[in-house]
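Residue strings, one per chain:
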Amino acid sequence: MQYIGERLLPGQLGHFFVILSLVASLVASIAYFKSTQSVAIPDKESWKKIARIAFGLDVVSVFAVFGILLFLINSHYFEYFYIYKNSSYELQPQYILSCLWSASEGSFLLWTLWHAVLGSILIFKAKEWEAPVMTVVSFAQLCLATMLLGIYFFGKKVGASPFALFREQMPDLPLFAAKDYVTKINDGNGLNPLLQNYWMVIHPPVLFLGFASTIVPFAYGIAGLWTKKFGEVMKAALPWALFSAGILGLGIMMGAAWAYESLTFGGYWAWDPVENASLVPWIVLVCGIHTLLAYRSTGHSLRATHLFFIIQFLLILYSTFLTRSGILGDTSVHSFADLGMNMQLLLFVLVFLFPAFILFFVRYKQIPAIHKEESISSREFWLFVGSLVLFLSAVYIIAYTSLPVFNKVVDSKKALGEDQEYTYNRVLVLVAVIIGLLTAVTQYLKYKSTTRKFLLSKIGLPTIIALIISVLISVFGDIHYQKFGIGYLTAIHIALFAAVYSAIANATYIWTGMKGDLLKAGASVAHVGFALSLVGILISSSKKEVISFNTSGIMMNFGSQSAEDPKENLTLVKGQPMSMNQYRVNYVKDTFFAGDPKRYFEINFQNKNGKENFNLYPNAFINYKGNSGLMANPDSRHYWNKDIFTYITSLPDPEKNKDTSTYRDKLVKQGEKLFYSSGYFTVDSVTSLNERERINTSAADSLVALKISVHGKDSSNYLALPLLVYSKGNISVIPDTVIAQNISLRLNAITPEGINIGVKESDSLLQYVTLKAYVFPMINILWLGVIIMVIGFFMSMWRRFKGV
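These figures come from a predicted structure and were not determined experimentally.

Parameters at a glance
Residues numbered from 1 in each chain as written. Predicted model: local features only at pLDDT ≥ 70, side-chain atom pairs only at ≥ 80, totals over all residues. Heavy atoms only, no water. Helix = DSSP H or I, 4+ residues; strand = E, 2+ residues; numbered from the N terminus. Buried < 20%, exposed > 50% of the residue type's maximum accessible area, 1.4 Å probe, protein only. Contact = heavy atoms within 4.5 Å. Areas by Shrake-Rupley, 256 points an atom, 1.4 Å probe, with all protein chains shown as cover. Lys, Arg positive; Asp, Glu negative; His and termini not counted. Charge placed at Lys NZ, Arg CZ, Asp CG, Glu CD. Phe/Tyr/Trp six-rings, centres within 6.5 Å; stacked < 30°, edge-to-face > 60°. Core = buried A, V, L, I, M, F, W, Y, C linked by side-chain atoms within 4.5 Å. Pairing = 2+ DSSP bridges. Expected span 1.5 Å × (residues − 1). Salt bridge = Lys/Arg side-chain N within 4 Å of Asp/Glu carboxyl O. Patch = residues over 30% accessible without salt bridge, like charges linked within 9 Å, V, L, I, M, F, W, Y side chains within 5 Å. Axes fitted to C-alpha atoms, helices over the stretch in contact; angles between N-to-C directions. Parallel < 35°, antiparallel > 145°, perpendicular 65-115°, else oblique. Left-handed = near helix turned anticlockwise from the far one by under 90°. Nonpolar A, V, L, I, M, F, W, Y, C, P; charged D, E, K, R; others polar. pLDDT = per-residue confidence, 0-100.

Q: Teacher, can you tell me more about the overall build of the protein here?
A: Along the backbone of the protein there are 21 helices and 23 strands. The C-alpha extent of the protein, read off along each of the three principal axes, is 115 × 80 × 50 Å. When burial is assessed residue by residue, the protein has 55% of its 804 residues classed as buried. Contacts spanning at least 24 positions in sequence make up 69% of the contacts within the protein whose residues lie at least 6 apart. Split by element, the accessible area of the protein, about 36100 Å² in all, is 61% carbon and sulfur. Between the mean site of the 66 positive side-chain charges and the mean site of the 52 negative ones, the protein shows a separation of 11 Å.

Q: Which parts of the structure should I look at to understand the packing of aromatic side chains?
A: Between two aromatic rings, the relevant description is the distance of the centres plus the angle of the planes. Throughout the structure, instances matching the rule amount to 50 aromatic pairs. For the ring pair Y260 and W783, a centre distance of 6.1 Å and an interplane angle of 55 degrees mean the geometry is tilted. Separated by 523 residues along the polypeptide, Y260 in helix 11 (residues 232-262) and W783 in helix 21 (residues 779-801) bring together distant segments of the chain. On the accessibility criterion, Y260 (2% relative accessible area) is buried.

Q: For this particular structure, what's the right way to read the nonpolar core?
A: With 174 residues, the main nonpolar core has W111, L122, F218, Y220, W282, F352 and W783 as its most contacted residues. The greatest single-element share of this core, amounting to 19 residues, is contributed by helix 11. Sequence-distant contacts of W111, that is, excluding residues within four places in its chain, are made with L144, F208, F211, A212, I316, L317, T320 and F348. The next biggest cluster of nonpolar side chains, apart from the first, holds 24 residues, and it includes V429, L445, I459 and A491.

Q: Can you walk me through the pairing of strand 19 (residues 730-734) in this structure?
A: The side chains of a regular strand alternate, first on one face of the sheet and then on the other. Alignment of strand 18 (residues 723-727) against strand 19, held across five bridges, turns out to be antiparallel. Looking at the pairing, L723 lines up with I734 of strand 19. The hairpin formed by strand 18 and strand 19 contains two residues between the paired strands, and K728 there has a positive phi angle of roughly 55 degrees.

Q: What is the right way to read helix 21 from this model?
A: An α-helix turns once per 3.6 residues; consequently, residues spaced three or four apart project the same way. End to end, helix 21 covers 34 Å across 23 residues, agreeing with the expected 33 Å (1.5 Å per residue, within 8%). Along helix 21, the residues classified as buried are I779, L782, W783, G785, V786, M789, V790, G792, F793, S796 and M797. Check the buried side of helix 21 and you find it contacts helix 11, helix 12 (273-298), helix 20 (522-542), strand 12 (642-650) and strand 23 (768-777).

Q: Explain the pattern of salt bridges here, please?
A: As a working rule, side chains carrying opposite charge can pair if their charged atoms are close by. Summed over all chains, the structure comprises eleven salt bridges. As a salt-bridge pair, R52 and E130 come within 2.6 Å of each other at their nearest N and O atoms. Here E130 lies in helix 6 (residues 130-146) and R52 lies in helix 2 (residues 41-75), a separation of 78 residues in the sequence. Among the charged side chains, a salt-bridge network with shared partners connects E564, E568 and K772.

Q: What is the right way to look at a nonpolar patch on the surface in this model?
A: A contiguous nonpolar patch, built from I464, L467, I468, V471, L472, V475 and F476 and spanning about 710 Å² of accessible area, is present on the exposed surface. Inspection of the secondary structure puts I464 in helix 18 (residues 452-476).

Q: Whenever I open this one, the sheet that holds strand 21 (residues 743-751) confuses me. Can you help?
A: To summarise the sheet geometry, strands pair through backbone hydrogen bonds and adopt either a parallel or an antiparallel arrangement. With respect to topology, four strands assemble into an open sheet ordered 13-22-21-20, the strand pairing being antiparallel. In this open sheet, the two strands that pair with only one neighbour each are strand 13 (664-668) and strand 20 (736-738). This sheet shows a mean twist of 30 degrees between the axes of neighbouring strands, independent of strand direction. The pairing of strand 13 with strand 22 (residues 754-761) spans five bridges and is antiparallel. For K666, the partnering residue across the bridge sits in strand 22 and is I757.

Q: Help me out: how do you make sense of the packing of helix 1 (residues 9-37) against helix 2 in this one?
A: Axes are the key here: two packed helices are described by the angle between their axes and the distance separating the axes. Axis separation between helix 1 and helix 2 bottoms out at 7 Å; the angle between their running directions is 155 degrees. The angle between helix 1 and helix 2 falls in the class roughly antiparallel. Between helix 1 and helix 2 the crossing geometry is left-handed. Among the residues making up the contact of helix 1 with helix 2, the classes are represented as 22 nonpolar, six polar and five charged.

Q: What is the right way to look at the packing of helix 13 (residues 302-324) against helix 14 (residues 342-363) in this model?
A: Close contact between helix 13 and helix 14 brings their axes to 9 Å; oriented N to C, the two are set at 175 degrees. Overall, the two elements helix 13 and helix 14 adopt an arrangement that is roughly antiparallel. Where helix 13 abuts helix 14, its residues R303, H306, L307, I310, I311, F313, L314, L317, Y318, T320, F321 and R324 lie against N342, L345, L346, F348, V349, F352, L353, A356, F357 and F360. Residue composition of the contact of helix 13 with helix 14, by class: 17 nonpolar, three polar and two charged.

Q: What's the story with unusual backbone geometry in this structure? I'm lost.
A: With the exception of glycine, most residues fall at negative phi, and the peptide bonds are largely trans. If you check the backbone angles, W271 has positive phi at about 55 degrees while not being a glycine. For W271, the position within the fold is in the loop between helix 11 and helix 12. At N581, a position not held by glycine, the phi torsion is positive, near 55 degrees. Within the secondary structure layout, N581 lies in the loop between strand 5 (578-580) and strand 6 (583-593). For N581, a relative accessible area of 42% puts it in the partly exposed group.

Q: What should I look at first to understand the environment of W226 in this one?
A: Along the chain, W226 falls in helix 10 (residues 215-227). Sequence-distant contacts of W226, defined by excluding residues within four places in its chain, comprise F33, T36, Q37, P132, T135, L359 and R363.

Q: Got a minute to help me understand the environment of I504 in this structure?
A: Among the secondary structure elements, I504 is positioned in helix 19 (residues 486-512). For the pair I504 and A740, spaced 236 residues apart in the sequence, the C-alpha separation amounts to 55 Å. In contact with I504, other than residues within four places in its own chain, are P462, I465, A466 and I469.

Q: Before we go on, may I ask you to explain the confidence of the model for the protein in this structure?
A: In low-pLDDT regions, the fine details of the predicted coordinates are not to be read closely. With 92% of its residues at a pLDDT of 70 or more, the protein has an overall mean of 88. Counting contacts from residues 691-697, a segment whose pLDDT is below 50, to residues more than four positions away or on other chains yields 16 contacts.

Q: Even after reading the chapter, I still don't get the side chain of R363, so can you show me in this structure?
A: Looking at the secondary structure, you find R363 in helix 14. It turns out R363 is buried and unbridged, and the closest side chain with the opposite charge, E232, is 12 Å from it. When near neighbours in sequence (up to four residues on either side) are disregarded, R363 contacts L225, W226, K228 and F230.

Q: Looking at this structure, how should I read the environment of L110?
A: Position of L110 relative to the elements: it lies in helix 5 (residues 104-125). Along the backbone, L110 and F66 are 44 residues apart, and their C-alpha atoms lie at a distance of 8.0 Å. In this view, L110 contacts W101, P204, P205 and F208; residues no more than four positions away in its chain are not counted.

This is the structure in structure tokens:
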């Protein structure tokens, strides 16, 4: 069938550039490989020239694909399935970029885009290491290009094309029986509202830059093993490893900030499998950085450094398999849908895993190693111990994260248990103690060996200060984890001391060890940031307090599958202030915005002392685009020392809560009392008060209002003012509703016999939201710590790039 109205040229161009990227990266991989293997200088340079041209073509192709896809999204070409699935006319312009990387195809494109950028920089900066390093990068580009092909080889799907047509993906839809089906697609499916957040515009690009950058230390490590220049390569690898650790750490914590602002588990980290899959490579990369520092000063730990740099990149590939294979299923809110590419994703891991480990073990004995044991008083000894502890913690995390994979392989149903967070926290709190103490003390140690007198003279004052501060926090800070027992609580207090100790000791080292020279103090700055992050985590999570205890008497049924406790959720009836901790809280109104499917609720908080009044705007929606259940985004009030964190846990479903009741008409006299199910009301008087603000038009000739006093069983009192509006010979009846009492009253007519009114009672009249609210104390210490840590990484990176 010849279809009418399809705009095929952009998609054809996009697919052409995907194929060109594939071919160019293949040529670049082969040419760089030949350049590395060649002995003669002319041959090396000749192959390198070909490789650079090919990689340049790959860069142009990748940016062309990115630009074409962005054009299609912005133009709303819904005949393309990726555009239909992830965008709509209603989408606000600032989220166009979020559409681009909201699904697997776009995220692979973002990944390969960053590889193109990093590879271009390496061509100019890698110097003697260009050929072997770029062989690895170009080969990675080749693998990523296959992810965007979307074609079949011998009945097997290779990649998923963002330029596939809607009718090709779902050919059985009746829509495609029409030649002009394009004109019948009124709108796209739209972007998941949870992704319509400013963090999702900036978090994925930063995170994927972190993912992409891990290939550089990996490539340098492979280059060293390949050329047998095991140690020389590490000087060039170090600044790239520092950059990768800094940017990946920043991306991970941007994701935590997104979760804090957009998800409703009441925090920033839930040990979600996808969170873990990003964290573990970062941990292993940090291990490699520390063993590399030990090698550069003493010659120890070069083998460990090569191994860590290999593993951290393989873990990035493994995390890609976890998140895009669909194997995580419902265990993660972050995982992508299964695109039927599981075998290809697994091959993506294996095609790097086997060659890397084979090369490592073949070269293992040739890698220089000092067989003399390090002194227990030396810096390099404790750098290795710290790296080993971090690595073991990474193994622990990834082992539990991989339970869905294990269950799939052996057909079992192993699970983490009811309290998933405790499974991780019970071990990692001990890791925090060890790492906190090591980062406090190790920088004061000298390489080779350190005398006890020297160490005590340097570390004594920071130890005393840290001990005093941590004891004061523990005693007066009300740190509590009662539900986990005294042993866990004790570990938390020790971890708090270790974190404070690390922050104080490293801050002191900047002045005592580095003589105040901040340019050389990148490591200490990063350690201060890491320690502050630990302090923020320990305090905010231990003192996180629910303040939305149910004082309304309305108990919501959240169902057996929900973790919500009805006693910790306060139901607010519209216009009825309720007590919440130190506040009077009122559900004022709700609002929709054009192009935004979410419903925003204005919740007013007024401090009972009268000194503070503010509004929060959590939002929620039900059954969006076929997704069942309530989806909500929190809102927070930020203070320097705490956050008030709120989110909607229940609200009426307008589809299930339609009002089907009718008015019952009654003839009453002025002053008469009538009863209803929740109280009584009296007809007070007829008036012509100016109530025009309740009327859509100001053209009314006259109006009549009936004053009715409503008295609830709970001793509450309300005034209802139903109206009769006369305009151009027509009479309009405008009822008034007392939402808190579920009653609506209308004025039908005034006759000599009496006043004709209508009365309607219905649960559908009740407008309410159920709210959960926390106080997070000192959470800003965490965010401050992350910023300082990333700055420290970049300070160290800059110094190493400068060759200092």
